[in-house]
Amino acid sequence: MAEFDYDLFVIGGGSGGVRAARISATHGAKVAIAEEYRMGGTCVIRGCVPKKMLVYGSHFAEDLHEAYRFGWDIEGAKFDWPRLRDIVQTDVDRLEGLYAVNLGNVGVEIIEQRAVLTGPNEVQLADGTKVSAKYILVATGGWPAQAGCPGEEHALTSNEIFHLEKKPENIVIVGGGYIANEFAGIFHAFGSNVTIANRSDKILRPYDQEIVGRLLDISVAKGITYRLNAPLEKIEKNVDGTVTVHFKDGGPSQTADVIMVATGRVPNSGNLGLEALGVDLDKSGAITVGDDNKSSVDSIYAVGDVTNRVQLTPVAIREGHAFADSVFGGNPRTISYDNIPSAVFSSPPIASVGLTEDEARAKYGEHIKVYRSDFNPMKNVVSGRDERALYKMITQGPEEIVIGIHMIGPESSEILQGAAVAVVGKMPKKVLDDVVAIHPSMAEELVLFK
Ligand code: NDP
């Protein structure tokens, strides 16, 4: 008789947990995965995937507006939020189903219940059943931070925003990071009055601030309001259903249909039984793990946002895959956290890889060169849209090794993925110079830096 019910029990059916479960099963492990909500996790159910669909929906606003100058008469165009919302949710349902099918195809048992740890090799399900496993992988992700002020219960987060009954006429978004800037672009395009309120005067802090400055300029010109250095004091619900937000900046309060808080995500490690088992957590509540994803308890591992290393889906997937290969595939390996490309799906989007100009100066002093291309995309020339793109490339040393690429402009997230090879591959700029441009394109700017 086997010593344990399972070789691996995964808690959390998000990007990291699903990948770890699936690959472990293909390596021959007997695997179960427990998910208390919906298979697919934040990214698929209420994050990257439905958000990107809303971004696509938002692009039509400007395209329809500019269609005339491309020869098209568009009459009677109007936006229907419930239609888009429901179509997006239908696709989310489809994807959720696919996740379950893919896990089933490799023999992973899906348990649609909350599971908590009750021993180094034991979990208890919500129905009281206890099961044992040689290894337990915690992949419970993160949870949106709350407003942290009186009345915080009147604010929505990214968990709820996809399900709004109607499009808000006025929305205040608290925070200045990814989610705030992405949803500001989305709702502005849908016709809402949007205010971003941030506690400091810096938005998108990890990004190259010259690129971020361009987003600010474009967004303000479009009509998005930025209220900076404005920490929250309290939120009040009014009898007509609206909410009023009071700030500590001495300025006026603001009333809106919706207040959305996007001030980061906290690791989802509470009430899982971790502390009682001696699993070390850091002060943010993240499970502390080594490069091998192992926690302070030998049989318990963790991947993804619950470890608060880099809160990005592709990173969680890599961690989950490396865990499975290491523990069940006879191929112990770690992943690299260097030069991770990323994008903000703002309007226009930002994409980035490697060191920002400030980081490069701090590290290499004067031994860097900064190349810039500040240009008007051809489509904007025809449409008359006043939104210049800005690309930056940063090189280091006499060989001009490419150490950073930062972009804002249409399709920058699509363009940067390929260009990131230059940074990850530590290529000299000359390699890019040797590439013949594809003309006319925006991407050609990357091989024409002078
Ligand atoms: P971010 O970490 O991107 O930004 C948080 C923002 O909230 C910052 O402006 C920060 O200000 C502010 N903030 C932090 N703490 C507080 C506080 N206590 N009170 C008031 N303001 C505060 O968080 P998001 O919520 O936008 O996104 C969460 C994570 O999800 C991201 O970090 C990212 O990893 C991931 N994500 C990725 C996306 C993508 O890849 N495109 C899209 C959406 C989310 P300050 O800078 O001053 O600390």
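Cut-off values and rules
- Residues numbered from 1 in each chain as written.
- Predicted model: local features only at pLDDT ≥ 70, side-chain atom pairs only at ≥ 80, totals over all residues.
- Heavy atoms only, no water.
- Salt bridge = Lys/Arg side-chain N within 4 Å of Asp/Glu carboxyl O.
- Helix = DSSP H or I, 4+ residues; strand = E, 2+ residues; numbered from the N terminus.
- Buried < 20%, exposed > 50% of the residue type's maximum accessible area, 1.4 Å probe, protein only.
- Expected span 1.5 Å × (residues − 1).
- Arc of directions from axis to C-beta.
- Polar contact = N/O pair within 3.5 Å; in protein donor to acceptor, adjacent residues only side chain to side chain.
- Pairing = 2+ DSSP bridges.
- Right-handed = clockwise from strand over helix to strand, strands pointing away.
- Axes fitted to C-alpha atoms, helices over the stretch in contact; angles between N-to-C directions.
- Parallel < 35°, antiparallel > 145°, perpendicular 65-115°, else oblique.
- Left-handed = near helix turned anticlockwise from the far one by under 90°.
- Contact = heavy atoms within 4.5 Å.
- Nonpolar A, V, L, I, M, F, W, Y, C, P; charged D, E, K, R; others polar.
- Near = heavy atom within 4 Å.
- Areas by Shrake-Rupley, 256 points an atom, 1.4 Å probe, with all protein chains shown as cover.

Q: Kindly report on the pattern of salt bridges, identifying the contributing residues and their values.
A: The tally for this structure, following the rule as stated, stands at 31 salt bridges. A salt bridge links aspartate 208 to lysine 392, with the shortest nitrogen-to-oxygen separation between them at 2.9 Å. Placement of aspartate 208 in the loop between strand 9 (193-197) and helix 7 (209-222) and of lysine 392 in strand 20 (residues 389-396) is noted, with a sequence separation of 184 residues between them. Here aspartate 208 falls in the buried class, since its relative accessible area comes to 2%. Residue arginine 227 is joined to aspartate 249 by a salt bridge in which the shortest nitrogen-to-oxygen separation is 3.0 Å.

Q: Any details on helix 7? Residues and values, ideally.
A: Between the first and last C-alpha of helix 7 there are 20 Å, a value that for 14 residues agrees with the 20 Å anticipated at 1.5 Å per step. Along helix 7, the positions that sit buried rather than exposed are Ile211, Val212, Arg214, Leu215, Ile218 and Ser219. Down the axis of helix 7, the sector holding all buried residues measures 155°, keeping them to one side. Seen from the open side of helix 7, the exposed residues pointing more than 90 degrees away from its buried face are Asp217 and Ala221. The opening residue of helix 7 is aspartate 208, an N-cap whose side-chain oxygen sits 3.1 Å from the backbone nitrogen of glutamate 210. Trailing helix 7 by a residue or two, glycine 223 shows a phi angle of about 120°, which is positive.

Q: Go over the pairing of strand 9, please, and point to the residues and values.
A: Moving residue by residue along a regular strand, the side chains alternate between the two faces of the sheet. Burial analysis of strand 9 places 4 of its 5 residues in the buried class, the great majority of the element. Taken together, the 5 bridges between strand 8 (residues 170-174) and strand 9 define a ladder with parallel strand orientation. Its bridge partner lying in strand 9, valine 174 is registered against alanine 197. A crossover links strand 8 with its parallel partner strand 9, the connecting element being helix 6 (residues 178-190), and its sense is right-handed. Bridge analysis of strand 9 against strand 10 (residues 225-227) gives 3 bridges, and the strand direction is parallel.

Q: Can you explain the sheet that holds strand 12 (residues 243-247)? Please cite residues and give values.
A: Ordered by their spatial adjacency, 3 strands build an open sheet running 11-12-13, and the pairing between neighbours is antiparallel. Each of the sheet's edge strands pairs with one partner strand only, and the pair in question is strand 11 (232-237) and strand 13 (254-256). Across the sheet, the mean angle from the axis of one strand to that of its neighbour is 20°, orientation sign disregarded. Strand direction decides the pairing type here: strand 11 and strand 12, joined by 5 bridges, are antiparallel. Of the residues in strand 12, the one forming a bridge with lysine 237 is valine 243.

Q: Give me the packing of helix 1 (residues 15-26) against helix 4 (residues 81-105): which residues, what numbers.
A: Interhelical geometry of helix 1 versus helix 4 gives an angle of 25° and a closest axis separation of 9 Å. With respect to their mutual orientation, helix 1 and helix 4 come out roughly parallel. Considering only the axes of helix 1 and helix 4, their crossing is left-handed. Counting all contacts with helix 1, which are made through Val18, Ala21 and Arg22, the residues of helix 4 involved are Tyr99, Asn102 and Leu103. In terms of residue class, the contact of helix 1 with helix 4 is built from 4 nonpolar, 1 polar and 1 charged.

Q: Now, about the site of the ligand: what can you tell me, with residues and values included?
A: Neighbouring residues of the ligand: 19 residues in total, closest Ile179, Arg199, Arg205, Gln311 and Ala343. One of the side-chain nitrogen or oxygen atoms of glutamate 182 is found 2.9 Å away from a nitrogen atom of the ligand. Compared with its free state, where it exposes 910 Å², the ligand has 73% of that area covered by protein. Counting residues per element, the shell around the ligand draws most heavily on helix 6, at 3 residues. The class makeup of the residues in the shell around the ligand is 6 nonpolar, 8 polar and 5 charged.

Q: Give me the environment of lysine 426: which residues, what numbers.
A: Along the chain, the position of lysine 426 falls in the loop between helix 11 (412-424) and helix 12 (429-433). Sequence spacing of lysine 426 and glutamate 152 is 274 residues, and the spatial spacing of their C-alpha atoms is 46 Å.

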